[in-house]
Amino acid sequence: MTDKPQIINNVHAATLIGTGLSSYFLNEKRPKTALIPAVAGSGLLLLSKNLEKGDQAMAHVAVGITGLLLAQTLRSFLQAAVPDAETEAKFDTATLNRRKLIFGLMSTTGIAAMATYIGGFIEKRKNG
């Protein structure tokens, strides 16, 4: 799988787009920040052809985008999974559960993508 990083990149991008749009449309306030993952996922999709061709510069861009989003989605997932008093006061149980699901999905595919990217970098380094 490390020789085809575009596959996990596409899966992660599709997850970001789907969860970002879901978050936007499921929230009646239509928060603009919910569209960040969808926009980032679209950007990752645009990088897929370059990843398939083995473009190292674009691979590093994909890793950077994925890493930044992963840090944020993990933080948001943990905030929903183990809410402090402020978070519990801000969100009802249904919203917290939805946030756990959405941020959990984004985090899971982000971890898989990062593992694939890093595995590919290590493999290329070993093979010279």
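The sections below set out a description of the structure shown in this document. Along each chain, residues carry numbers from 1 onward, in the same order as the chain's sequence is written. The predicted origin of the model limits local features to residues at a pLDDT of at least 70 and limits the giving and counting of side-chain atom pairs to 80 or more, whereas totals for whole chains, interfaces and linings rest on all residues. Where side-chain values are given, they derive from all heavy atoms of the structure, hydrogens and water being excluded.

## Here we look at the overall build of the protein chain
Alright, step 1. Secondary structure elements are defined from DSSP: runs of H or I of at least 4 residues count as helices, runs of E of at least 2 residues count as strands, and each element is numbered from the N terminus. A count of helical and extended segments in the protein chain gives 5 helices and 0 strands.
Alright, step 2. Each of the three principal axes of the protein chain carries a C-alpha extent, and together these read 55 × 25 × 20 Å.
Alright, step 3. Residues are treated as being in contact if the distance between any of their heavy atoms lies within 4.5 Å. Look at the contacts in the protein chain between residues 6 or more apart in sequence, and 68% of them connect residues 24 or more apart.
Alright, step 4. In this description, accessible areas are obtained by the Shrake-Rupley approach with a 1.4 Å probe, and a residue is regarded as covered only by the protein chains that are shown. Entry remark: accessible area of the protein chain is about 7,700 Å², with carbon and sulfur atoms responsible for 63%.
Alright, step 5. Here the positive residues are Lys and Arg and the negative ones are Asp and Glu; neither His nor the chain ends is included. Charge positions come from single atoms, namely NZ of Lys, CZ of Arg, CG of Asp or CD of Glu. Here the protein chain contributes 14 positive and 9 negative side-chain charges, whose respective centroids are spaced 4 Å apart.

## Details of the packing of aromatic side chains
Alright, step 1. In this scheme Phe, Tyr and Trp rings, the latter by its six-membered ring, pair at centre separations within 6.5 Å, and the angle between planes marks the pair as stacked below 30 degrees, edge-to-face above 60, and tilted otherwise. In this structure the tally under the stated criterion is 1 aromatic pair.
Alright, step 2. Judged by centre distance (5.0 Å) and plane angle (85 degrees), the rings of Tyr24 and Phe25 are edge-to-face.
Alright, step 3. Geometrically, a lysine NZ or arginine CZ counts as sitting over a ring once it is within 6 Å of the ring centre and also within 35 degrees of the ring normal. Between Arg30 and the ring centre of Tyr24, over which it is positioned, the NZ or CZ distance is 5.9 Å.

## Description of helix α2 (residues 36–53)
Alright, step 1. In a helix, the anticipated span is given by 1.5 Å times the number of residues less one. With 18 residues, α2 should reach 26 Å at 1.5 Å per residue; the first-to-last C-alpha distance of 27 Å fits that figure.
Alright, step 2. For a residue, the bend is simply the angle between two axes, fitted respectively to the seven-residue segment ending there and the seven-residue segment starting there. A maximum bend of about 35 degrees is found in α2 at Leu47.
Alright, step 3. Partly exposed residues are those whose accessible area sits between 20% and 50% of the maximum for their type, while under 20% is buried and over 50% is exposed, using a 1.4 Å probe and protein chains only. Residues Pro37, Ala38, Ala40, Gly41, Leu44, Leu47, Ser48 and Leu51 constitute the buried set of α2.
Alright, step 4. Packing partners of the buried residues in α2 comprise α1 (5–26), α3 (56–81) and α5 (93–127).
Alright, step 5. Once α2 ends, the next one or two residues include Gly54, with phi positive near 85 degrees.

## A word on the packing of α2 against α3
Alright, step 1. Here the axes come from fitting lines to C-alpha atoms, over the contacting stretch only for helices, and the angles between their N-to-C directions go from 0 to 180 degrees. The N-to-C vectors of α2 and α3 enclose an angle of 155 degrees; their axes lie 9 Å apart at closest approach. Here α2 is positioned roughly antiparallel relative to α3, judged by the angle of their axes. Pair α2 / α3 crosses with left-handed handedness. Residue-level contacts link Ala40, Leu44, Leu47, Asn50 and Leu51 of α2 to Met58, Ala59, Val61, Ala62, Ile65, Thr66 and Leu69 of α3.
Alright, step 2. Here the residues of the contact of α2 with α3 sort into 10 nonpolar, 2 polar and no charged. For classification purposes, angles smaller than 35 degrees are called roughly parallel, those larger than 145 roughly antiparallel, those between 65 and 115 roughly perpendicular, and all remaining angles oblique. Each crossing is labelled by how the near helix is turned from the far one, with a counterclockwise turn of less than a right angle marking it left-handed and a clockwise turn marking it right-handed. Charged residues are taken to be Asp, Glu, Lys and Arg, nonpolar residues to be Ala, Val, Leu, Ile, Met, Phe, Trp, Tyr, Cys and Pro, and polar residues to be all remaining types, Gly included.

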